Amino acid sequence: MKKTKADRRFRVLSALFVTLLCLMTGFPLVMTISVSLQTMSEVYSPDLNLIPDALQFVNYKTAMTTGSWARYFQNSLTVTVITVVISLVINAMSGFVFARIPFRGREPLFMLILIGMMIPAQVTLIPVFLLIRSVPFAGGNNWLGQGGTGLINTYAGLIIPYIAGSFGVFLCRQFYMGFPTELDDAARIDGCGRLGQFFRIYLPLSGPVLASLAVLKFTGTWNEYTWPLVMTSGDAMKTVQLALGAFRNEGEVFWNQLMAATLVSGVPIYLLFFFAQKHFVSGLLAGSVKG
C-alpha cells in the first residue's frame, strides 16, 4: 500500500513528539546521575555541568556508609515483598468475585470500593494510625486496645494498611470480565467449584494483570514515605525512603550523596520493571476492555 504525504507527515510528527517526550522524561534522570558524580562545588556552580570534570564515584561509597543501609534495604524489601504477595492474592480473588460470581448487592458494594479510589490517603492517615495503635494484645495493649503501642514500629503496622486497595480490585475485576461465560460453564461441567475455577483456570491466565499490579504495588510501597515516617521511630525500622533524609542537616543538603543514594535505592524497581515490562502494558490495557 502506497504511503501518502499525510502519512509521512504524521510519522515524522509522531517521531518528533516521542523524541521530545523522551527528552523531557529522561532529563531529570540524566541530571540525577550527573549530580551524583559531582563535587559539592560543582553542584553549587551557577553553570550547568552535565559532565563533571572528574567522576566522583566516591559519592556512592560515602552515601552507602552513612547509616545502616543493609538494614534499611532489608526493612523495605520485607515490607514491600510481603505487601505485594498478599495484595495480589486479595485483589485477584476480590476481582474474581465481583466479575464472575453474581450475588445480591454486588454492584453497590463495588461502587463503594471505587469510592475508596477518590479519597486521598492523607484523609485516612490519622484514623488508620489510631486503629493500628489500638490493636488488642499487641505492643502491650490490653483486650480493649489500650495501654500500649499496638503495631506501631513493627512490620505488621507498615504492611497491613497496604495489603489491599480499590485500584487493584478494580483492575482485576475488569480483567476477569473479559473472559467468556462459556469458560465458567465448562468448569462447572468438569466439577470445579468457585475456588477451583479461580485457582485452576483464572489464576494461571492472570499473568499480565498480576504483573502490572505487582509493578504498581511494588513501586508505590517501596517509595512510600509518609506512612513509615508516622509509624516508625528509631533507626532499626527505617526504610530506604526515610534513610534518604540522612543527607540533610540544618544548614546544608549533600546533593551529590543524596542523588547517589537515590539511584541505588531505586535499583529494585528498575530490575522489577525490566523483567515485568512484557506484561505491564498488556495487563493495563486488558483491564480497560470491558466495564
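These lines cover the structure that appears in this document, whether it is placed above or below.

### Observations concerning the overall build of the chain
When its secondary structure is counted, the chain shows 15 helices and 0 strands. Against the compact-globule benchmark of 19 Å for 291 residues, the chain has a radius of gyration of 24 Å, which places it well outside the compact range. Taking all 291 residues of the chain together, the buried fraction comes to 35%. Summarising the internal contacts of the chain: among those between residues at least 6 apart in sequence, 68% fall at separations of at least 24. Each charge class in the chain was averaged separately, 21 positive and 13 negative side chains, and the resulting centres sit 11 Å apart.

### So, the pattern of salt bridges
Counted by the stated rule, this structure contains 5 salt bridges. Of the charged contacts in the structure, one is a salt bridge between Asp-184 and Arg-100, with a shortest N-O distance of 2.8 Å. Taken together, the residues Asp-184 in helix H9 (residues 181–189) and Arg-100 in helix H4 (residues 69–100) connect sequence positions 84 residues apart. The same class applies to Asp-184 and to Arg-100, which are both buried.

### Here we look at a nonpolar patch on the surface
A surface patch of nonpolar side chains, about 910 Å² in accessible area, is lined by Phe-103, Leu-109, Leu-112, Ile-115, Met-117, Met-118, Ile-119, Val-123, Phe-167 and Leu-216. The leading source of residues in the nonpolar patch is helix H5 (residues 106–115), at 3 residues. If you trace the backbone, Val-123 turns up in helix H6 (residues 121–133).

### Let's talk about the nonpolar core
The nonpolar side chains of a soluble globular protein tend to be buried, and buried together. Ranked by internal contacts, the top residues of the largest apolar core, which has 38 residues, are Trp-69, Tyr-176, Tyr-202 and Phe-247. When residues of this core are traced back to their parent elements, those giving at least two are H4, helix H8 (166–176), helix H10 (194–202), helix H11 (207–222), helix H13 (240–243) and helix H14 (255–265). At 8 residues, H4 tops the list of elements feeding residues into this core. Residues within four places of Phe-247 in sequence aside, it is in contact with Ala-63, Thr-66, Trp-69, Glu-252, Val-253, Phe-254, Gln-257, Leu-258 and Ala-261. Val-79, Leu-151, Ile-159 and Met-237 belong to the second largest nonpolar core, which has 10 residues in total.

### Section: the environment of Leu-125
One can find Leu-125 in helix H6. On a C-alpha basis, the gap between Leu-125 and Thr-226 in space is 9.0 Å, while along the polypeptide they are 101 residues apart. Those residues in contact with Leu-125, other than ones at most four positions away along the chain, are Thr-226, Trp-227 and Val-230.

### So, the side chain of Ser-87
Along the polypeptide, Ser-87 turns up in helix H4. Owing to a relative accessible area of 1%, Ser-87 belongs among the buried residues under this scheme.

### Quick look at the environment of Ile-132
Within the secondary structure, Ile-132 sits in helix H6. Sequence separation between Ile-132 and Leu-158 is 26 residues, and the spatial gap between their C-alpha atoms is 9.4 Å. If we skip the residues at most four places from it in the chain, Ile-132 touches Gly-150, Leu-151, Ile-152, Gly-157, Ile-160, Pro-161, Trp-227 and Met-231.

### Remarks on the side chain of Thr-80
The residue Thr-80 is located in helix H4 in this model. Apart from residues no more than four positions distant in its own chain, Thr-80 is found in contact with Phe-218, Thr-221 and Trp-222.

### Quick look at the packing of aromatic side chains
Here a ring pair, both rings aromatic, is described through the centre-centre distance and the interplanar angle of the planes. The full count for this structure, using the stated rule, is 18 aromatic pairs. Each ring, one from Phe-98 and one from Phe-103, has its centre 6.2 Å from the other, and the planes form 50 degrees; the classification is tilted. Ring geometry for Phe-198 versus Phe-199: centroids 5.0 Å apart, planes at 80 degrees, classification edge-to-face. What makes Phe-198 buried here is its relative accessible area of 3%. Taken together, Phe-96, Phe-175, Tyr-176, Phe-179, Phe-198, Phe-199 and Tyr-202 form an aromatic cluster joined through their ring pairs.

### Comments concerning the packing of H4 against H8
Here H4 crosses H8 at 50 degrees, and the two axes come no closer than 7 Å. When the axes of H4 and H8 are compared, the pair comes out oblique. Considering only the axes of H4 and H8, their crossing is right-handed. Residues Asn-91, Ala-92, Ser-94, Gly-95, Phe-96, Phe-98, Ala-99 and Arg-100 of H4 lie in contact with H8, whose contacting residues are Gly-168, Val-169, Cys-172, Arg-173 and Tyr-176.

Conventions and cut-offs
- Residues numbered from 1 in each chain as written.
- Predicted model: local features only at pLDDT ≥ 70, side-chain atom pairs only at ≥ 80, totals over all residues.
- Heavy atoms only, no water.
- Helix = DSSP H or I, 4+ residues; strand = E, 2+ residues; numbered from the N terminus.
- Rg over C-alpha atoms; globule rule 2.2 N^0.38 Å.
- Buried < 20%, exposed > 50% of the residue type's maximum accessible area, 1.4 Å probe, protein only.
- Contact = heavy atoms within 4.5 Å.
- Lys, Arg positive; Asp, Glu negative; His and termini not counted.
- Charge placed at Lys NZ, Arg CZ, Asp CG, Glu CD.
- Salt bridge = Lys/Arg side-chain N within 4 Å of Asp/Glu carboxyl O.
- Patch = residues over 30% accessible without salt bridge, like charges linked within 9 Å, V, L, I, M, F, W, Y side chains within 5 Å.
- Areas by Shrake-Rupley, 256 points an atom, 1.4 Å probe, with all protein chains shown as cover.
- Core = buried A, V, L, I, M, F, W, Y, C linked by side-chain atoms within 4.5 Å.
- Phe/Tyr/Trp six-rings, centres within 6.5 Å; stacked < 30°, edge-to-face > 60°.
- Axes fitted to C-alpha atoms, helices over the stretch in contact; angles between N-to-C directions.
- Parallel < 35°, antiparallel > 145°, perpendicular 65-115°, else oblique.
- Left-handed = near helix turned anticlockwise from the far one by under 90°.

Geometric values such as these leave the question of function open.
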